[in-house]
Amino acid sequence: MNEIFSEMLKMSEDLILNVRYRLPRNGAILAENDFVILKAISEDQKDNIMKVSYECSFAKREFENEIYRNYLWESFIDENAVYYCINNKSTKEFIGYCGVKNLTKEIPELVIELLPNCRKQGYGFQALSLFMSQFAKITGETLFRSRITIDNIASQDLHKKLGALPNGISEIFLHGENLIEYQMENQYLIDDNIRKLAADFNVEPIELLGHVLEYIIEWK
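Across the seven residues that make up strand S3 (residues 82-88), a large majority, seven, are buried. The two faces of S3 match: Val82, Tyr84, Ile86 and Asn88 on one face and Tyr83, Cys85 and Asn87 on the other face are all buried. Note: strand S2 (residues 36-40) against S3, five bridges, orientation antiparallel. Along S3, the bridge assignment pairs Ile37 with Asn87. Sheet topology note: the S3/strand S4 (residues 94-100) ladder contains six bridges and is antiparallel. Note that in S4 the partner of Tyr84 across the bridge is Cys98. Connecting the antiparallel pair S3 and S4 is a turn made up of five residues, with Lys92 showing a positive phi of about 70°.

Listed below in structure tokens is the structure:
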């Protein structure tokens, strides 16, 4: 009986992946509205993708390394990832990108990065709303997750606007004793915003240090 159940579960997972892999790729348009156009990334968009990745990176010096740049680009065009350029509908200018970094995960994790001069203008809300609607239309799936750093208040506000709810916290770069040491040494960073976030996520403020926030979105 367990073998039969496992086989059925595997078939279900394979079916989900097959449907997800039908999402448009290589320059094809996913969707558009009055504000933005979502177009699958392609080789000719490499410079734009690298530019916004650099602007949003915490490790800008890594971009001096060609091996790192190539590795990063390969992650964008990997068959298990799906990313879309966000373009201004009126001007056709590149704004940023959004998508899902790993289609094999049970709940797809949203990713979005915008050029600095394009933030706080509603493009993020338009892009993610459009992306999730089209993703749901193609795959039938309406559940998404996001991970956001505790200092990225703009992204937190965006996800709340999208109806995201707290769903725990997760480690990112530090683990074990290194994480504990970091928390002890950086308690001074705890401010009213972190205290409020801690209350929202039902954890102690110090626990947020060295972690990212997990949000869940049920898109309808």
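In this section: the packing of helix H2 (residues 46-56) against helix H3 (residues 66-77). Here H2 crosses H3 at 110°, and the two axes come no closer than 11 Å. One finds that H2 runs roughly perpendicular with respect to H3. Note on element contacts: H3 touches H2 through Arg69, Asn70, Leu72, Trp73 and Phe76, opposite Lys46, Ile49, Met50 and Ser53. Residues belonging to the contact of H2 with H3 are distributed by class as follows: five nonpolar, two polar and two charged.

The subject of this paragraph is the packing of aromatic side chains. Overall, the coordinates contain ten aromatic pairs when judged by the stated rule. Arranged with centres 5.8 Å apart and planes meeting at 45°, the rings of Phe131 and Phe135 form a pair that is tilted. Note that Phe131 and Phe135 are positioned in helix H4 (residues 123-139) at a spacing of four residues, about one turn of the helix. As far as burial versus exposure is concerned, Phe131 and Phe135 are alike and both buried.

What the largest pocket holds in volume is close to 1700 Å³. Taken together, 43 residues form the lining of the largest pocket, with Cys56, Val111, Ile112, Glu113 and Asn152 sitting closest to its centre. Listed by contribution, the elements that provide at least two residues to the lining of the largest pocket are H2, H3, strand S5 (110-114), H4, strand S6 (143-149) and helix H5 (153-161). In terms of residues, the lining of the largest pocket owes the most to one element, H5, which gives six residues.

Low pLDDT means the predicted atomic positions in that stretch should not be read closely. Here the chain averages 92 in pLDDT, while 95% of its residues score no lower than 70. In this model residues 4-11 is a low-confidence stretch, pLDDT under 50, and it forms zero contacts with partners more than four residues away in sequence or in other chains.

On to the nonpolar core. Leu38, Ile49, Phe76 and Phe131 are the most contacted members of the largest nonpolar core, which totals 55 residues. Per-element tally for this core: the top contributor is H4, with seven residues.

Another point: H2. Burial in H2 covers these residues: Ile49, Met50, Val52 and Ser53. What you see down the axis of H2 is that its buried residues fit within an arc of 170°, all on one side. Contacts from the buried residues of H2 go to H3, S3, S4 and S5.

What counts and how
- Residues numbered from 1 in each chain as written.
- Predicted model: local features only at pLDDT ≥ 70, side-chain atom pairs only at ≥ 80, totals over all residues.
- Heavy atoms only, no water.
- Buried < 20%, exposed > 50% of the residue type's maximum accessible area, 1.4 Å probe, protein only.
- Helix = DSSP H or I, 4+ residues; strand = E, 2+ residues; numbered from the N terminus.
- Pairing = 2+ DSSP bridges.
- Axes fitted to C-alpha atoms, helices over the stretch in contact; angles between N-to-C directions.
- Parallel < 35°, antiparallel > 145°, perpendicular 65-115°, else oblique.
- Contact = heavy atoms within 4.5 Å.
- Nonpolar A, V, L, I, M, F, W, Y, C, P; charged D, E, K, R; others polar.
- Phe/Tyr/Trp six-rings, centres within 6.5 Å; stacked < 30°, edge-to-face > 60°.
- 1 Å grid on protein atoms, 1.4 Å probe; cavity = no way out; pocket = protein on both sides within 12 Å on 5 of 7 lines; lining within 4 Å.
- Points joined across faces, edges and corners; volume = space filled by probe spheres on them.
- pLDDT = per-residue confidence, 0-100.
- Core = buried A, V, L, I, M, F, W, Y, C linked by side-chain atoms within 4.5 Å.
- Arc of directions from axis to C-beta.

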